[in-house]
Amino acid sequence: MNETLDRTNQTLADRLREFAKSFGLPRLIIAGFLLLLFIAAPFVGADFWTQISNTINRFSWNAIMVLAMVPMIHSGCGLNFGLPLGIISGLLGATLSIEFGFTGPMSFLMAILIATPFAVVLGTLYGWLLNKIKGGEMMIATYVGFSSVSFMCMMWLLLPYHSPTMVWGFAGKGLRTTISLEGFYDKVLAGFLQINIGNLSIPTGTLLFFAVLAFGMWAFLHTKTGTAMTAVGSNPTFARAAGVNVDKMRMLSVILSTWLAAIGILVYEQGFGFIQLYMAPFYMALPAVSAILIGGATVNKATIANVIIGTFLFQGIVTMTPTVMNNMIHMDMSEVIRVVASQGMILYALTRKTEATK
Amino acid sequence: MKKDNKIFTFLRDNSVPIMFVIICAVCIPVSGFSYSYLLNEIVTRMGRNIFLILALLIPIMSGMGLNFGMTLGAMAGEIALILVSDWQIWGIPGVVLAMILSIPISILLGAFCGKILNMAKGREMITSYIISFFMNGIYQLVVLYMMGSIIPIKHFSVKLPRGYGIRNTVSLLNMRQCLDNLLAVRVGGVKIPVLTFMIIGVLCVFIVWFRKTKLGQDMRAVGQDMNVARDAGINVERTRIISIVMSTVLAGFGMVIYLQNMGNIATYSSHSQIGMFCIAALLVGGASVDKASIGNVFLGVILFHTMFIVAPKAGAQITGDSMIGEYFRVFVSYAVITVALIMYETKKRKHKSAAAQQLQAAQNEEAAK
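A. Inspection of the overall build of chain A at higher detail. Looking only at helices and strands, chain A has 14 helices and four strands in total. Whereas a compact globule of 358 residues would reach a radius of gyration of roughly 21 Å, chain A reaches 22 Å, a difference of no more than 12%. Taken along the three principal axes of its C-alpha coordinates, chain A extends 75 × 60 × 35 Å. Looking at chain A as a whole, 49% of its 358 residues are labelled buried. Counting only contacts in chain A whose residues sit at least 6 apart along the sequence, the fraction spanning at least 24 positions is 74%.

What follows is the structure in structure tokens.
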């Protein structure tokens, strides 16, 4: 219809409509909703700057796990619903680092170092598996995540951990469901160069850490290998003809994604202050998936900007809805809104007509 | 030589059931349960679960894979039961009324699910899986906020004290096992719920008959190849929606049967695991993503639930920790689904590449001429 109109006489409404079309209606609704929440916050008695700090804080905890989605989307493996596999590598790193007696900032560094080989090995196996079943990645990824989490539930009980801060007091074995990080790496990044102005506090260290990783990812995607990976995702046949080893690229992307998930959970823990074991990682993939989709990514296209915008919007809604809604209508509908908005976003992305992955 | 091949093929095609027979064979003696207790438990669980699992067969027939969206039917069944128990209609009339009430809700949800799945062809399973999460949000909105405030709910035993929303558990004590106990027969200490099994039998006959009808044939054609079916004049989209609607309605009935056996509704969690356990049971019975029979359902229920009953006790005996067995059975449920999905996808790829090779060979021949 727009074509029939004189282009020079394009009204503001038309331009808005076009913008909505390119941006995606659900995304616009979510962004609008968040904006509304921010505007409403001071009127219902919630402190604006506390809200902003909370949102930024939660952003800093979760951003790296969302960043972990990027490589697999680029190589055409779809959304990484198998994120829990990487989270498990991170948890192994965290628990082993404490078990070996490291404390303070050193324990965080060691956790990353120990988690890395686990992430590489598990990522390799996972990547090998995904190469066998091209086209059905997302469903199988979901269930790989579930099986690995439930398998590790048994392992947390059986593995010979002894550190008294982690095992059940009376039995002397079997890890606790939540382990406090006090004295280990609690707030080790968040406390670094923290800025406090009144009610506003910014965890500079965590944000910097994310910025470094995000920049690294951006730079990597612009190297020769990174470009090849994107080529594999957008057109595997063409990539193969150009001499790119498709399977190797996909495997590399899966390893990267798994490793980032491992780092992501460690950063999450240092902000949150606790290690959560057993069934905790079970549904951790879904918030990360919907965050990147809210940020404007599709099943086969994602940028760093999508990660930043998406995580901010998603975490903004998660933190703002409980306080604002509670004060406004005295009903805690935040859970429902969160579920409907995030799952609705995933559904929207899955039903878009994109070129089916091969 | 040929015979060896046959045995090998048999083993490969039935690897999952055989593995489960072995697990059960090891765990049953270790757990130390008496056989009459085990038999009783399994018969009860058969009556409870088979109807739900049969609901999965129709979407498999029409090529839509494992219907993770059967959770929607379970939600419809729960909403119907909540309403019926609020109206204080108990016993058989209550069960029948709940089934009737669940139909319109199931049709609505099923049509919604089918519409969305038509927009996401080729990734039905992950989409139906996310739909079940999405609908869980809507379900909470309806049950926790709208019931009592918009939808009239009177009875204090159902409603939360704050005036709206449904309690965490709704007791169905006056409805408990009323289907199972009617016409129940005791054979050597084992209670057999004859009426429930008769209902299941009717559904089995219906499914066998349905496969032969025009609609059933259409569904199989759509499942084989959507494009060919479309060329043959079948309305593919409509057929797929009907198959999901049927599955959802059956799942709604199945949930009513399941809950009358359990005797209470865990309002916010009963439905969440149902899809997973039913699918795992079906796959344990030797079904795959594109092929499942009634036999698979029965075998699957027996093997899966035997494992489910004995695993915690056996795990406790072996490792001295009862939680190990609990986690073990959850792990097995997920692992079975994972393995089945992987086998299906590899098989699909193999077929695809075989077809491509054939085409290549044919083209080469053409070129040689």
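B. Spotlight on the overall build of chain B. Within chain B, the secondary structure is distributed over 15 helices and four strands. Relative to the 2.2 N^0.38 estimate, which gives 21 Å for 369 residues, the radius of gyration of chain B is 22 Å and therefore close to what a compact globule would have. With respect to the three principal axes, the spread of C-alpha positions in chain B is 85 × 50 × 35 Å. Considering chain B as a whole, with its 369 residues, one finds that 47% of them fall into the buried category. Pairs at least 24 residues apart make up 73% of the contacts formed inside chain B by residues separated by at least 6 positions.

C. Region of the structure containing the packing of helix α7 (residues 137-158) of chain A against helix α15 (residues 322-368) of chain B. Packing of α7 of chain A against α15 of chain B brings their axes to within 8 Å, and their N-to-C directions diverge by 155°. Viewed along their axes, α7 of chain A and α15 of chain B adopt a mutual orientation that is roughly antiparallel. Of the two elements, α7 of chain A crosses α15 of chain B, and the hand of that crossing is left-handed. Its residues placed into classes, the contact of α7 of chain A with α15 of chain B shows 20 nonpolar, three polar and one charged.

D. A look at the environment of Ile292 of chain A. Mapped onto the elements of the fold, Ile292 of chain A is located in helix α12 (residues 285-294). Residues Ile292 of chain A and Met345 of chain A, 53 residues apart in the sequence, show an inter-C-alpha distance of 9.8 Å.

E. Expanded view of the interface of chain B and chain A. If you look at the interface, chain B gives 35 residues, while chain A gives 32 residues. Every element with two or more residues in the side of chain B that touches chain A is listed here: α6 (91-119), α7 (124-146) and α15 of chain B. If you tally residues by element for the side of chain B that touches chain A, the top one is α15 of chain B, at 15 residues. Tallied by class, the residues present in the side of chain B that touches chain A amount to 24 nonpolar, seven polar and four charged.

F. Quick look at the confidence of the model for chain A. Confidence in the prediction of chain A, expressed as mean pLDDT, is 83, and 94% of residues score 70 or more. Here residues 1-6 of chain A is modelled with pLDDT under 50, and outside its nearest four sequence neighbours on either side it reaches two contacts, counting other chains as well.

G. Region of interest: the nonpolar core. With 230 residues, the main nonpolar core has Met69 and Ala288 of chain A together with Ile53 of chain B as its most contacted residues. The dominant element in this core, judged by the number of residues it contributes, is helix α11 (residues 246-272) of chain A, at 16 residues.

H. Structural view of the confidence of the model for chain B. Taken as a whole, chain B shows an average pLDDT of 86; of its residues, 99% reach a score of 70 or greater. Two numbers describe this predicted complex: its pTM, 0.84, and its ipTM, 0.80.

I. Highlighting the packing of helix α5 (residues 83-99) of chain A against helix α6 (residues 104-132) of chain A. Residue and element names in this part refer to chain A. At their nearest, the axes of α5 and α6 sit 7 Å apart, and the two run at 145° to each other. Like other packed secondary-structure pairs, α5 and α6 cross with a definite hand, here right-handed. Touching Leu85, Gly86, Ser89, Gly90, Leu92, Gly93, Ala94, Leu96, Ser97 and Ile98 of α5 are Ser107, Met110, Ala111, Ile112, Ile114, Ala115, Phe118, Ala119, Leu122 and Tyr126, all from α6. Of the residues contributing to the contact of α5 with α6, the split by class is 14 nonpolar, six polar and no charged.

J. Spotlight on helix α3 (residues 35-54) of chain B. Residue and element names in this part refer to chain B. For α3, built from 20 residues, the straight-helix expectation of 28 Å at 1.5 Å per residue is met to within 8% by its first-to-last C-alpha distance of 27 Å. Of all the bends in α3, the greatest measures close to 35° and is centred on Arg48. Summarising the contacts, the buried residues of α3 are in contact with α4 (57-61), α8 (178-181), α9 (194-212), α12 (236-262), α13 (274-284) and α14 (294-319).

K. Region of the structure containing unusual backbone geometry. Look at Tyr278 of chain A: it is not a glycine, yet its phi comes out positive at around 55°. Residue placement: Tyr278 of chain A occurs in the loop between β4 (274-276) and α12. By the C-beta count within 10 Å, which is 20 here, Tyr278 of chain A ends up buried. Residue Gln88 of chain B is not a glycine yet carries a positive backbone phi of 60°. Along the chain, Gln88 of chain B falls in the loop between α5 (70-86) and α6.

L. Molecular detail of α5 of chain A. Residues and elements named next belong to chain A. When the terminal C-alpha atoms of α5 are compared, their 24 Å separation across 17 residues agrees well with the 24 Å that a helix rising 1.5 Å per residue should span. α5 sits mainly inside the fold: 15 of its 17 residues count as buried. A positive backbone phi angle near 90° is found at Gly101, which sits one or two residues after α5.

M. Examining the environment of Val256 of chain B more closely. Tracing the chain through its elements places Val256 of chain B in helix α12. Between the C-alpha atom of Val256 of chain B and that of Met99 of chain B, which follows or precedes it by 157 residues, the distance is 6.7 Å.

What counts, and at which threshold
Residues numbered from 1 in each chain as written. Chains lettered and ligands numbered in written order. Predicted model: local features only at pLDDT ≥ 70, side-chain atom pairs only at ≥ 80, totals over all residues. Helix = DSSP H or I, 4+ residues; strand = E, 2+ residues; numbered from the N terminus. Rg over C-alpha atoms; globule rule 2.2 N^0.38 Å. Buried ≥ 20, exposed ≤ 12 C-beta atoms within 10 Å, placed from the backbone. Contact = placed C-beta atoms within 7 Å. Axes fitted to C-alpha atoms, helices over the stretch in contact; angles between N-to-C directions. Parallel < 35°, antiparallel > 145°, perpendicular 65-115°, else oblique. Left-handed = near helix turned anticlockwise from the far one by under 90°. Nonpolar A, V, L, I, M, F, W, Y, C, P; charged D, E, K, R; others polar. pLDDT = per-residue confidence, 0-100. Core = buried A, V, L, I, M, F, W, Y, C linked by C-beta atoms within 7 Å. Expected span 1.5 Å × (residues − 1). Bend = angle between axes of the 7 residues up to and from the residue.

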